[in-house]
Amino acid sequence: MSTLVYMKYYMKSWMTSKPYWFWSVAFMTIWMALGYVSADRLAAAPLEARLAYTAGWYVVIVGIGIAAAAVGLSRLLFYSSIPVRYLSKYSMLTSRKLYAYMFTGFIIVCLITAAVLAAMLLPLYSSKLGAVAPKNPLGLAAAVAGLGALYFSIDVVTTCAAILARAARSAEYVAYLPLILGMALTMLQLNTSLGKLFILASPINAATALLFSYYTGMPPTTAAIVEPMSGVKLDPALLWASVIAWTGLLSCIGIVLLRLQRGVGAEEIRLL
Amino acid sequence: MIVFEGVVAGYVKGRPVLRGITASLKPPCIILGPNGAGKTTLFRVILGLTPVSSGRVTIDGRDIDSLVGAVGLVSTNLREVYTLLSLPLRDIAKLYTAICNGDYEWFVNMMDELGFGRILAARLHKMSAGERRMALNLLALSIKSKYVLLDEPFENLDPRSRARLMKLLLSNSGRLIINTHATWLLERLEGWKAYIMVSGKLYGPIEASKLPRLGLVKGRSSKAELVLEVDGSYVSLVQGAGMPISNIDSLDRLYEVIAL
C-alpha cells in the first residue's frame, strides 16, 4: 500500500511538467490547425471521407504526442536511475513494482493526452466537417493504451541499455529515439501503403492501424492513411497480438535491465 | 556492521577510487579525509551505486549485491538518491518516508524547529546549498534505518544551524556513519570510532575524541598512532608533535605537511 504513493507523485510530476504540456499537447495544436485549414475541400464530401480525414489527423497527432511524451519519460528514467537503484535495494519500491507503476502511469498519461487532444480537435473539425466523432471510443482508448504501453517498453529498454553501457553522454539522443522511430513509421503509414507483414512486424504501425480503424469504424487495412479505401484487410486480433507480444517481450527485457542498471550520476557523466 | 573486504571500486576501468578497503564500520563512526579521498565513493558503494570491481561489501552479513527491498537498513543524505521525481521538498519527503519507512511528521517538525520550515514548498535545485544540505540531513534521519550515512553533513551550514545539527546528531549517534573533511567536531564525539581516508585507502579505527590531541608529522614515526600513505609519502599521527589536528579546520591541510 505504501508504494502506491509513488503513483500519486509520478502522476503529479507528469501533470505539472511544462515540457509535457508543451510538446505533447500545445505543439500538437499546430498540426491540428494545419488539418483544420485544409479541411475546406472536404466540407461537401461523404461522411466516410470526412471521418477518415479527421481520423487521419487525430491518429497522427496522438501518435506523435505520445512519442513526444516518451522523450520526457526517457529523460525521467535517465536522471532517476540512481534513486531507482537505491530504492530497489533499501525501500519497498522494488524495480518490478516501480516498472508496474511507471507503466500504468504512462498509459494514464497517454489516455489523458488523447482525451485532451480529442476535446480540442472534435469541436474544431466538427465546425467544418459536421459530426466526425470516433465510431468506437472504447476501442480507440484501448489502442491508445496499447500504443502508450509500446512506447513505454521501447523507452525503458533503450534508456536502461544506455545507462548500462555507461553511454551517459548519449542521453539526449537515446531520449529522442522513440520519437524519431514513431514519427518515421507514422509518416510512412500516412502516405504509403505498407505490406501486411510489415505492419504486423512493426507494432507502432499495427497500433496506428488499430487507432484509425476504431476511429472510423472501418476494418484495419494496409492502405495509406491518406487513401484509406484501398489496401488489404487486416485481422484486428493479429494487430493486437503484435502490439501485445512486442510490449511483453520488451517489458521483460526492460525489467531485467532496470534491475541490472546501477545508475548514472553527474559525476560519471563528467568522467565519461 | 558494514564490512569491506579488499574492496576496489571506481568509475572508470583501471582508475580505482577505492584501492583495497578492508574495514568494519559500526555506528557511531566518522570517516575523516581530505576532499577527493574517496569518502563519498565509499558511501556510494554501500548504497550499491558504484560498482565494486573486486572485493565484497556486506551489511549485517548480507552481500550488498543481493540486497532487495531491505527497508530500514540504510538511509543517506546524498542528493542524487532523492532525485526520483522533480517535486517540491514536501512531496519528496512524503514519498520517501512512505516507501522507506520514515517519519514524515518528525521531518516536518525538525525542519520547523531548526528554522527551515519555509523551504518545504521549494524544489531541491531552487534551495541554497545550506538549505539543501540541512533538508537532506533531516530526510536521511527521518527514515527509520539502522545505518544513516551522512556525507559532509555540516558543509555550507551557517554556524547556528551547524550547532543545532550537531546536537541532533549526538542524540541519534547510535546509527550514524559520517564522513567529513572538517575536524572541529571531533572533540564532541566521545565514544565514536574514527577512520582516516586518504587516496582511496582507509586507516583506523582510532578513538575520535583522541584525534584532536594528535599531530601530523611528515614521515614514518615509531611513536605513531597511525601512519598514512599520501601520494607516495608518509604522514604519521603522533601525540604531542607536528601540526596538531585540533589546530586545523580541515584534513585538506594534510597535503601541506607533505609539501612544506
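Conventions we followed
- Going along each chain's sequence as written, the residues are numbered from 1 onward.
- All chains are assigned letters beginning with A, and all ligands numbers beginning with 1, in the order in which they are written.
- A pLDDT threshold of at least 70 governs which residues receive local features in this predicted model, and a stricter bar of 80 or more applies before side-chain atom pairs are shown or counted, although totals over entire chains, interfaces and linings include all residues.
- Excluding hydrogens and water, the side-chain figures rest on all heavy atoms present in the structure.
- An automatic or database domain assignment supplies the start and end points of every domain.
- The contact criterion used is simple: two residues touch if any of their non-hydrogen atoms lie within 4.5 Å.
- Buried area is a sum: the accessible area each of two parts loses on coming together, probed at 1.4 Å, counted once for each and added.
- Here, a salt bridge means any side-chain nitrogen of Lys or Arg that lies within 4 Å of a carboxyl oxygen of Asp or Glu.
- Polar contact is the term for a pair of N or O atoms within 3.5 Å; when the atoms are in protein, one must be able to donate a hydrogen and the other to accept it, and sequence-neighboring residues count only if both atoms are side-chain atoms.
- Each helix is a run of H or I in the DSSP string that is no shorter than four residues. Each strand is a run of E no shorter than two, and both are numbered from the N terminus.
- Gly is put with the polar residues, along with every residue not named as nonpolar or charged; the nonpolar set is Ala, Val, Leu, Ile, Met, Phe, Trp, Tyr, Cys and Pro, and the charged set is Asp, Glu, Lys and Arg.
- Note on ring pairs: Phe, Tyr and Trp rings are taken, using the six-membered ring of Trp, and paired if centres are within 6.5 Å. Classes follow the plane angle, with under 30 degrees stacked, over 60 edge-to-face and the rest tilted.
- Each residue's exposure class comes from its accessible area (1.4 Å probe, protein chains only) as a fraction of the maximum for that residue type: buried when under 20%, exposed when over 50%, partly exposed otherwise.

Chemist: Would you mind showing me how to read the domain arrangement of chain B here?
Modeler: Much of the literature gives interface size as the accessible area that the parts lose upon coming together. All names here are of chain B. Examined at the domain level, chain B breaks down into domain 1 (2–73 + 146–259) and domain 2 (74–145). One C-alpha centre belongs to domain 1, the other to domain 2, and the line joining them spans 24 Å. Contacts between domain 1 and domain 2 engage 27 residues on the former and 26 residues on the latter. Taken together, both faces of the contact between domain 1 and domain 2 bury some 2,100 Å²; the carbon and sulfur share is 64%. Three residues stand out in domain 1 for area buried against domain 2, namely Arg-164, Leu-168 and Arg-175, and they jointly supply 21% of the buried area on that side. Taken together, domain 1 and domain 2 are joined by two salt bridges. Scanning the region where domain 1 abuts domain 2 turns up 14 residue pairs in polar contact (both at pLDDT 80 or more). Counting only elements with at least two residues in the side of domain 1 that touches domain 2, the list comes to helix H1 (39–46), strand S7 (147–151) and helix H5 (159–171). In terms of residue class, the side of domain 1 that touches domain 2 is built from 15 nonpolar, five polar and seven charged.

Chemist: Explain the packing of aromatic side chains here, please?
Modeler: Within a pair of aromatic rings, the relevant descriptors are the distance that separates the centres and the angle that separates the planes. Residues and elements named next belong to chain A. Counted under the stated rule, the structure contains 19 aromatic pairs over all chains. Aromatic side chains Trp-23 and Phe-27 sit 5.3 Å apart centroid to centroid with 70° between the ring planes, which places their arrangement in the edge-to-face category. Here Phe-27 and Trp-23 lie together in helix H2 (residues 18–37), a separation of four residues that amounts to about one turn. On the accessibility criterion, Trp-23 (44% relative accessible area) is partly exposed. Each ring, one from Tyr-58 and one from Tyr-215, has its centre 5.5 Å from the other, and the planes form 45°; the classification is tilted. One end of the pair, Tyr-58, is in helix H3 (residues 47–79); the other, Tyr-215, is in helix H9 (residues 203–216), and 157 residues separate them in sequence.

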